[in-house]
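Overview (structure and organization)
Here are the chains, one letter per residue:
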Amino acid sequence: MTQPINLRQVRKHKARKDKAKQAEINRVQFGTPKAQRDLEKAREAKRKATLEAHKLQDGDKGSQDN
């Protein structure tokens, strides 16, 4: 015969598991200090500005003179 299971314990186990999963998501989403978020934002802005500065203009076709 199989072992009977306690549904109350199963529900509590599932609730703990779901709560731990949500806590992990929250740690990733909200766990970064503001100074670090600002630093990453500034680095990304600088990277985009540098990339934009190195783009060719519409009239420039490189060094091909035909």
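For the structure itself, look to the data block above.
Heads up: these notes are all about the structure in this document. Owing to the predicted nature of the structure, the values given are computational and were not obtained by experimental measurement.

Some remarks on the overall build of the protein
Counting secondary structure elements, the protein contains 2 helices and 0 strands. Put simply, the protein has 66 residues, and 0% of those count as buried. Taken as a whole, the protein presents about 7,100 Å² of accessible surface, with 54% of it coming from carbon and sulfur.

Some points on helix H1 (residues 7-30)
The terminal C-alpha atoms of H1 lie 34 Å apart, and with 24 residues this matches the ideal 34 Å at 1.5 Å per residue to within 8%. Of the residues that open H1, the one with a side-chain oxygen 3.1 Å from the backbone nitrogen of Arg8 is Asn6.

A word on a nonpolar patch on the surface
Taken together, the side chains of Ile5, Leu7 and Val10 make up a nonpolar region of the molecular surface, amounting to roughly 300 Å² of accessible area. Residue class for Val10 comes out partly exposed when judged on its relative accessible area of 44%.

Focus: the pattern of salt bridges
If you walk through the whole model with that rule in mind, you get 5 salt bridges. The salt bridge involving Glu44 is made with Arg47; its shortest N-O contact spans 2.6 Å. A residue pair is termed a helical-turn pair when its members lie 3 or 4 positions apart in one helix, as Glu44 and Arg47 do in helix H2 (residues 34-53) at 3 residues. Exposure remark for Glu44: the relative accessible area of 34% places this residue in the partly exposed category. Judged by its relative accessible area of 45%, Arg47 is partly exposed. Residue Lys55 is joined to Glu52 by a salt bridge in which the shortest nitrogen-to-oxygen separation is 3.5 Å. Under the relative-accessibility criterion, Lys55 is labelled partly exposed at 47%.

Conventions and cut-offs
Residues numbered from 1 in each chain as written. Predicted model: local features only at pLDDT ≥ 70, side-chain atom pairs only at ≥ 80, totals over all residues. Heavy atoms only, no water. Helix = DSSP H or I, 4+ residues; strand = E, 2+ residues; numbered from the N terminus. Buried < 20%, exposed > 50% of the residue type's maximum accessible area, 1.4 Å probe, protein only. Areas by Shrake-Rupley, 256 points an atom, 1.4 Å probe, with all protein chains shown as cover. Expected span 1.5 Å × (residues − 1). Polar contact = N/O pair within 3.5 Å; in protein donor to acceptor, adjacent residues only side chain to side chain. Patch = residues over 30% accessible without salt bridge, like charges linked within 9 Å, V, L, I, M, F, W, Y side chains within 5 Å. Salt bridge = Lys/Arg side-chain N within 4 Å of Asp/Glu carboxyl O.

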